[in-house]
Amino acid sequence: MCSYIVEKAALVGSAKGQKGWMKVDTAHVYYDHPYHAQLEHALAIDFVNTAEGARERVAVELSAESARALVKSILAALGSGDQEHAAAQAAADSAPAYLT
């Protein structure tokens, strides 16, 4: 039984689709029967640009375990990236003016 329950997330970014790079402004996220993946159920994410009519999309279908691992990796990358950028900014802020 398909639930057709779709969560939406507003995005600012780009994705590479069939015709090359495109802007994306929305992700449609759902957990249901996949179209292509050989799984009973999959977490599907469709990246679209609703501002341009959502005529193109970039789609992924992941197992539940893969989706959970991806979420952990995304959060880890954001955390370490934030720390690195904050450290670089602090170093730049404390550098003498003649070095900047």
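One structure accompanies this document, and this report is about it. Everything quoted here is computed from the prediction, not taken from an experiment. (Residues numbered from 1 in each chain as written. Predicted model: local features only at pLDDT ≥ 70, side-chain atom pairs only at ≥ 80, totals over all residues. Heavy atoms only, no water.)

1. Some remarks on the overall build of the protein chain
Here is step 1 of the chain: The number of helices and strands found in the protein chain is one helix and four strands.
Here is step 2 of the chain: Reading the protein chain from its N end, one meets helices and strands in the order β-β-β-β-α.
Here is step 3 of the chain: Split into buried and exposed, the 100 residues of the protein chain put 20% on the buried side.
Here is step 4 of the chain: For the protein chain, the proportion of contacts with a sequence separation of at least 24, taken over those separated by at least 6, is 31%.
Here is step 5 of the chain: With the model as given, the accessible surface of the protein chain reaches about 7,800 Å², and the carbon-plus-sulfur share is 58%. (Helix = DSSP H or I, 4+ residues; strand = E, 2+ residues; numbered from the N terminus. Buried < 20%, exposed > 50% of the residue type's maximum accessible area, 1.4 Å probe, protein only. Contact = heavy atoms within 4.5 Å. Areas by Shrake-Rupley, 256 points an atom, 1.4 Å probe, with all protein chains shown as cover.)

2. Some words on the sheet that holds strand β3 (residues 42–48)
Here is step 1 of the chain: The sheet built from four strands is open, its strands ordered β1-β2-β3-β4 with antiparallel pairing. Edge positions in the open sheet fall to β1 (7–17) and β4 (57–62), since each of these has one partner strand only. Here the strands of the sheet are splayed against their neighbours by 30 degrees on average, with no regard to which way each runs.
Here is step 2 of the chain: Inspection of the sheet shows β1 paired to strand β2 (residues 20–32) by nine bridges, in the antiparallel sense. Bridging from a neighbouring strand, Lys8 pairs with His28 of β2. (Pairing = 2+ DSSP bridges. Axes fitted to C-alpha atoms, helices over the stretch in contact; angles between N-to-C directions.)

In short, shape yes, function no, at least from these values alone.
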